[in-house]
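Structure assessment
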Amino acid sequence: MNCSRSLILLKRVVKDAEDGEVLRIECDNSETHEKIIDYLSAHSLKAKEEKVENVFLLEVISKRSKPINSKEESPCRIVPDSRLSCIIVVNHCSSDPEDEQKERTFILDFLRSLREAQIFPERFIFYNSGVKQLNDPILKAEINSFETCGSVVLISRRCAKLFKIGNDIKPEVLIDTEEIISLLTSRGRLIYL
């Protein structure tokens with residue numbers, strides 16, 4: 001089955017699944033397998049994987065089977081309503097080094113204010129030239145602190161390659177442009193930095 005059709009079917013099944021329902025997926029195409037893993041990661045779903053001969057077997061538990069403030073899930077002190085139901089989008093980085101540093105300072109101040117207030121966005125998406133911001137180790141460490149607290153960080157695969165970011169980036173955070181478009185058009189609350 002081609003990749004696009006498989007993803008459409010997967011999205012439909014995941015959307016209709018009951019909370020905690022176990023989904024079993026068989027896939028014999030490595031490109032489709034990679035796209036499925038990217039999709040699951042982008043939607044905070046984890047899969048147990050096994051490869052038998054040339055077939056990938058995935059077992060996914062739909063949605064969250066634990067409450068979001070579970071101590072096993074996050075070492076952060078998350079209080080009710082501290083999860084910000086929005087996506088923070090970083091999609092620009094100036095080509096002028098002085099302006100780039102000003103933008104980075106603004107982003108760091110914003111992120112630190114969120115963290116100090118114990119407010120954790122659902123997701124961060126880095127795409128276009130905003131991916132270059134991840135070259136800064138201080139900003140990267142700040143973003144990692146949000147990941148530790150349950151926020152999902154996603155990075156444009158194409159832009160990471162273009163800007164040569166990613167020797168230490170986990171493959172599961174890299175997503176394709178189509179998935180970014182899907183996430184940005186399906187959400188009502190976006191914050192652009």
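Residues numbered from 1 in each chain as written. Predicted model: local features only at pLDDT ≥ 70, side-chain atom pairs only at ≥ 80, totals over all residues. Heavy atoms only, no water.

1. Here we look at the packing of aromatic side chains
Summed over all chains, the structure comprises 2 aromatic pairs. An angle of 70 degrees between the planes, with centres 5.2 Å apart, marks the rings of Phe 124 and Phe 146 as edge-to-face. One end of the pair, Phe 124, is in strand E5 (residues 120-126); the other, Phe 146, is in helix H4 (residues 137-148), with 22 residues separating them in the sequence. Just as Phe 124 is buried, Phe 146 falls in that class too. (Phe/Tyr/Trp six-rings, centres within 6.5 Å; stacked < 30°, edge-to-face > 60°. Helix = DSSP H or I, 4+ residues; strand = E, 2+ residues; numbered from the N terminus. Buried < 20%, exposed > 50% of the residue type's maximum accessible area, 1.4 Å probe, protein only.)

2. Overview of the environment of Lys 48
Examined against the element boundaries, Lys 48 turns out to sit in strand E2 (residues 47-52). For Lys 48, a relative accessible area of 60% translates into the label exposed. Note: C-alpha distance between Lys 48 and Arg 24 (24 residues apart in sequence) is 9.6 Å. With sequence-adjacent residues up to four places away left out, Lys 48 is seen in contact with Leu 57, Leu 58 and Glu 59. (Contact = heavy atoms within 4.5 Å.)

3. A word on the pairing of E2
Two elements, E2 and strand E3 (residues 55-61), share 6 bridges in a ladder whose sense is antiparallel. Across the sheet, the residue bridging to Ala 47 is Val 60, located in E3. (Pairing = 2+ DSSP bridges.)

4. Comments concerning the sheet that holds E2
Within the open sheet, the 3 strands sit side by side as E1-E3-E2. Their pairing is antiparallel. Two strands bound the open sheet, and with one partner strand each, they are strand E1 (22-27) and E2. The sheet shows a mean angle of 15 degrees between the axes of neighbouring strands, direction not considered. One ladder, built from 6 bridges, connects E1 with E3; its direction is antiparallel. Within E3, the position partnered with Glu 26 by the bridge is Leu 57. (Axes fitted to C-alpha atoms, helices over the stretch in contact; angles between N-to-C directions.)

5. A look at helix H3 (residues 97-116)
Spanning 20 residues, H3 covers 28 Å between terminal C-alpha atoms, matching the ideal 28 Å at 1.5 Å per step. Listing the buried residues of H3 in full gives Glu 100, Arg 104, Ile 107, Leu 108, Leu 111 and Leu 114. Viewed along the axis of H3, the buried residues span an arc of 125 degrees, placing them on a single side of the element. In H3, the exposed positions angled more than 90 degrees off the buried face are occupied by Glu 98, Lys 102 and Glu 116. (Expected span 1.5 Å × (residues − 1). Arc of directions from axis to C-beta.)

6. Concerning the nonpolar core
Leu 111, Phe 124, Phe 126, Val 131 and Ile 155 are the most contacted members of the largest nonpolar core, which has 24 residues in total. When contributions to this core are tallied by element, the ones reaching two or more residues are strand E4 (83-90), H3, E5, H4, strand E6 (152-156) and helix H5 (157-162). The biggest single contributor to this core is H3, with 4 residues. Beyond its immediate sequence surroundings of up to four residues, Phe 126 is in contact with Val 90, Val 131, Leu 134, Leu 139, Ile 143, Val 153, Leu 154, Ile 155 and Ser 156. In terms of nonpolar packing, the next biggest core, distinct from the first, is built from 12 residues, Val 14, Leu 40, Leu 58 and Val 60 among them. (Core = buried A, V, L, I, M, F, W, Y, C linked by side-chain atoms within 4.5 Å.)

7. Quick notes on the pattern of salt bridges
Tallied over the full model, the rule gives 5 salt bridges. Glu 98 is the partner of Lys 102 in a salt bridge, and the nearest nitrogen-oxygen pair spans 3.7 Å. A residue pair is termed a helical-turn pair when its members lie 3 or 4 positions apart in one helix, as Lys 102 and Glu 98 do in helix H3 at 4 residues. The shortest N-O distance in the salt bridge between Glu 122 and Arg 123 comes to 2.6 Å. (Salt bridge = Lys/Arg side-chain N within 4 Å of Asp/Glu carboxyl O.)

8. Some remarks on the confidence of the model for the protein chain
Close inspection of predicted coordinates is inappropriate in any region flagged by low pLDDT. Per-residue pLDDT for the protein chain has a mean of 75; in total, 80% of the residues score no lower than 70. E6 holds the highest mean pLDDT among the elements of the protein chain, 89, whereas helix H1 (residues 3-16) holds the lowest, 70. In the model, residues 77-81 has pLDDT below 50 throughout and makes 7 contacts with residues more than four positions away in sequence or in other chains. (pLDDT = per-residue confidence, 0-100.)

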